[in-house]
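Given next are the chains, with one letter for each unit.
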Amino acid sequence: MLIWKTITGKLVDLSRKEQEILDIEYENLQYFLHTGHDLGLHPDNKRQALRSYKEIKRREYPILIGKGMLKLEEKPTTICRYRVRIPIGLSKYGLWCTFKSYFTEWSSVELCRSKLYRRDGEYYLYITIRKEVALKKTYSHILPVDLGIRNSAVTVSPSGKPRFYGRRLRRIRGWWFYIHRKLGRKAKKWRNRESRQITDQLHKIARDIVEQAVRYDALIVLGDLRGIRKKKMGTGRRLKRLMSHWPYHRLKSYIVYKANWKGIAVVEIDEGYTSKICSGCGALGRREIQGLFKCPSCGLELNADVNAARNIRARGYMLLAGGDVTRPITLKAVSGVQGTSNRFM
Ligand SMILES: [Zn+2]
C-alpha cells in the first residue's frame, strides 16, 4: 500500500547571496502570476505554476517544485544533516541550501512534489513523500486503545500496565476555552495558534501510542467510539463542552496513519459493550459518572477507561487467535489525513 505524507522543514543558514537568489525566484513567480510576464523563472517552476494556479487571488503563492526537480542529499553540518537543491531560474545548476527538518528516513522514500513558502522573509519547504508499505500480518501482542473524553486515550501494555494520554491536551483546551470566554471575538486572531497547539498534542499522543505498538510488536485495536455522543456521559457542563469539539476522528486518523507508516495494522472493534462489561468477570456493569467502573457481580472497581481498554484487549486477542487481522482500517477508511504534518514522527 502506498502512503503519502508531507514533511515540513526550513531552509536555514542561508548566505545573503543565497537569500537574494531565492527572493528573486520567489518575486519573479509572484510577478509572473499577477502580470503574465516572465522575468526569468525556472521553466519547470513556471510550468508547475501554470498547471496549478488557475485563478490568482492571493498576493503570494509558494513556488511549486515538480517531482524529480528537487534533490535532497545528506551533507551533515553543525546545524543539520541534509541539503536540498532548489530549481532556480538564475542558475541551471539550481541552488543548494541547508535544510532542517525532523524527518530522517529519506533513504526509504520517494520525493514527490514540493512547495516552497516564504514567511516573514524565511523559506519553508513542504515536501510530499511516498513510500510503499506492507502491513505486518502477525503480531506478538495487542495494544488496545480506548479513545475517550476524559482521557483522550488509554492503552494497556501487554503486562497489564495502563497508560493515560491527554492531560496536556485537556489543559490546553481548558485554557483556550477560558481565553475565548474572556476575550470573546477578540480571541479570534489566536485561532491558528490554538489549533496548532491542539494538532501538536494529537500528533504527540498518536506518535507515543504507535511507538508503544512498535516496541511490543503489537497490533493496535481501537474501540470504536462512534456512539459516544449519544451516550449519557454525565451531565457536567464541562464534560459536555469538551465533548462538543472533541477531535476524535483526527486522533484516530493520526494513529492509523503513523501506525501504517511503520507497517503496523490498526483494527477497530465495535465499542458497544467494552465500556459496560466487567473486564474481571464478564458481567454487565455500569459506567459510573466519576469515571469509575463498578462491577455489580464481582465487586471490581476500576477506572472506567482502563476497564474498557482491557475489554478491547481481550477482544483483540480473540481476533488475533482467529487470524482475523486481514481487514485493518487504512487511510481510505479514515478521512482527511493526507498531507498531515509529521514534525513529530
Ligand atoms: Zn466483575
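Use the structure listed above.
Let us look at the structure shown here. Because the structure is a prediction, the values reported are computed rather than measured.

## Here we look at helix α6 (residues 248-261)
Because each turn of an α-helix spans 3.6 residues, side chains separated by three or four positions end up pointing in the same direction.
And step 1. For α6, spanning 14 residues, the distance from its first C-alpha to its last is 20 Å, which sits close to the expected 20 Å at 1.5 Å a residue.
And step 2. Taken across its 14 residues, α6 has ten buried, putting it largely inside the fold.
And step 3. Within α6 the residues assigned to the buried category are Leu251, Lys252, Ser253, Tyr254, Ile255, Val256, Tyr257, Lys258, Ala259 and Asn260.
And step 4. Of the residues flanking the end of α6, it is Gly263, one or two places downstream, whose phi is positive at about 80 degrees.

## Remarks on the environment of Ala259
And step 1. Mapping Ala259 onto the fold places it in helix α6.
And step 2. Judged by local crowding, Ala259 falls into the buried class, with 26 C-beta atoms found within 10 Å.
And step 3. A C-alpha to C-alpha distance of 8.2 Å links Ala259 and Ile220, two positions 39 residues apart in sequence.
And step 4. Among residues more than four places away in sequence, those in contact with Ala259 are Val210, Ala213, Ile220, Ile264 and Val266.

## As for helix α3 (residues 167-183)
And step 1. An ideal rise of 1.5 Å per residue puts 24 Å on 17 residues; α3 measures up with 24 Å between its terminal C-alpha atoms.
And step 2. Once α3 ends, the next one or two residues include Gly184, with phi positive near 60 degrees.

## Digging into unusual backbone geometry
And step 1. Positive phi, close to 60 degrees, is recorded for Asp13, a residue that is not glycine.
And step 2. Considering the arrangement of structural elements, one finds Asp13 in the loop between β1 (2-12) and α1 (16-35).
And step 3. Positive phi, close to 50 degrees, is recorded for Asp120, a residue that is not glycine.
And step 4. You can see Asp120 is positioned in the loop between β6 (110-119) and β7 (122-132).

## Looking at the environment of Thr77
And step 1. Within the secondary structure, Thr77 is located in the loop between β3 (71-74) and β4 (82-88).
And step 2. Using a count of 12 C-beta atoms within 10 Å as the deciding quantity, one classes Thr77 as exposed.
And step 3. Between the C-alpha atoms of Thr77 and Thr98, which are 21 residues apart in sequence, the distance is 8.4 Å.

Reading guide: rules and limits
- Residues numbered from 1 in each chain as written.
- Predicted model: local features only at pLDDT ≥ 70, side-chain atom pairs only at ≥ 80, totals over all residues.
- Helix = DSSP H or I, 4+ residues; strand = E, 2+ residues; numbered from the N terminus.
- Expected span 1.5 Å × (residues − 1).
- Buried ≥ 20, exposed ≤ 12 C-beta atoms within 10 Å, placed from the backbone.
- Contact = placed C-beta atoms within 7 Å.

Purely spatial values, then, with no claim about function.
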